Amino acid sequence: MKKPAFIVLMLLCAMSARSFGQSFDWNLRGGLNLMASKNPDKDISLLWHVGGEAGIRITSFGIYGELLYSMNENQDGGDPVAYFVPSIIGKGYWRRSFFVEFGASFPFIADDSEVIENTLNPDGKVFLAAGLGVNVSKLEISMRSTASQSYGVIQLTASVSF
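Let me begin by describing the structure that accompanies this report. (Residues numbered from 1 in each chain as written. Predicted model: local features only at pLDDT ≥ 70, side-chain atom pairs only at ≥ 80, totals over all residues. Heavy atoms only, no water.)

1. Looking at empty space enclosed by the protein
Unfilled space is identified by rolling a water-sized probe across the atoms. Using the following cut-off: Cavity and pocket criteria rest on a 1 Å grid covering protein atoms alone: a 1.4 Å probe that fits but cannot get out defines a cavity, protein on both sides within 12 Å along at least 5 of 7 lines defines an open pocket, and an atom within 4 Å of a point defines a lining residue. Grid points are joined across faces, edges and corners, and a volume is the space filled by probe spheres set on the points. Helical segments are the DSSP runs of H or I of at least four residues, strand segments are the runs of E of at least two, and each set is numbered from the N terminus. For this classification, Asp, Glu, Lys and Arg are treated as charged, while Ala, Val, Leu, Ile, Met, Phe, Trp, Tyr, Cys and Pro are nonpolar and the rest, including Gly, are polar.
Tallied over the entire structure, the rule returns 2 cavities of 30 Å³ or more. By volume, the largest cavity is sized at about 130 Å³. Along the wall of the largest cavity there are 15 residues; nearest its centre are Asn-72, Val-85, Thr-146, Val-153 and Gln-155. Examining the composition of the lining of the largest cavity, we find that 4 residues originate from one element, strand S3 (residues 61-72), more than from any other. By residue class, the composition of the lining of the largest cavity is 7 nonpolar, 6 polar and 2 charged. Arg-29, His-49, Glu-66, Leu-68, Arg-144, Gln-155 and Thr-157 together form the lining of the second largest cavity. Elements supplying a minimum of two residues to the lining of the second largest cavity: S3 and strand S9 (151-161). For the lining of the second largest cavity, the residue count by class is 1 nonpolar, 3 polar and 3 charged.

Interpretation in functional terms is not warranted from these geometric data alone.
Structure below.
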């Protein structure tokens, strides 16, 4: 009696897990950073970012951890500043192809840039992030805005899922 009940329970668990649609996703990301330039010779600064993202997706919602290496404009002028940007991102999927993303980023300076303390350059501050994107097979394309008070970055990203 216990053995058939155990088998039925295991079958129910397997079917519910399958119908719930859980998956582990990870991808490599790279793209462009657009920022308002502090250089008087140009209006927009165009730099880059690369990194990875991994997380769990359950049907139409996913929670992801992300780590980017990002080159951003120095808000006090001068050479660009390199950042490591760990993030926690939630994604809501619609029709399997489209998604909205929201979360928080925690940028901190990655190199020995000569950045003056207490400037507009972020270091260890929390930033809110929100964006939109589309999935096409294994390719994901997204646009995300990351901002805090007077500092903001628009990231245009392409990623490949594995």
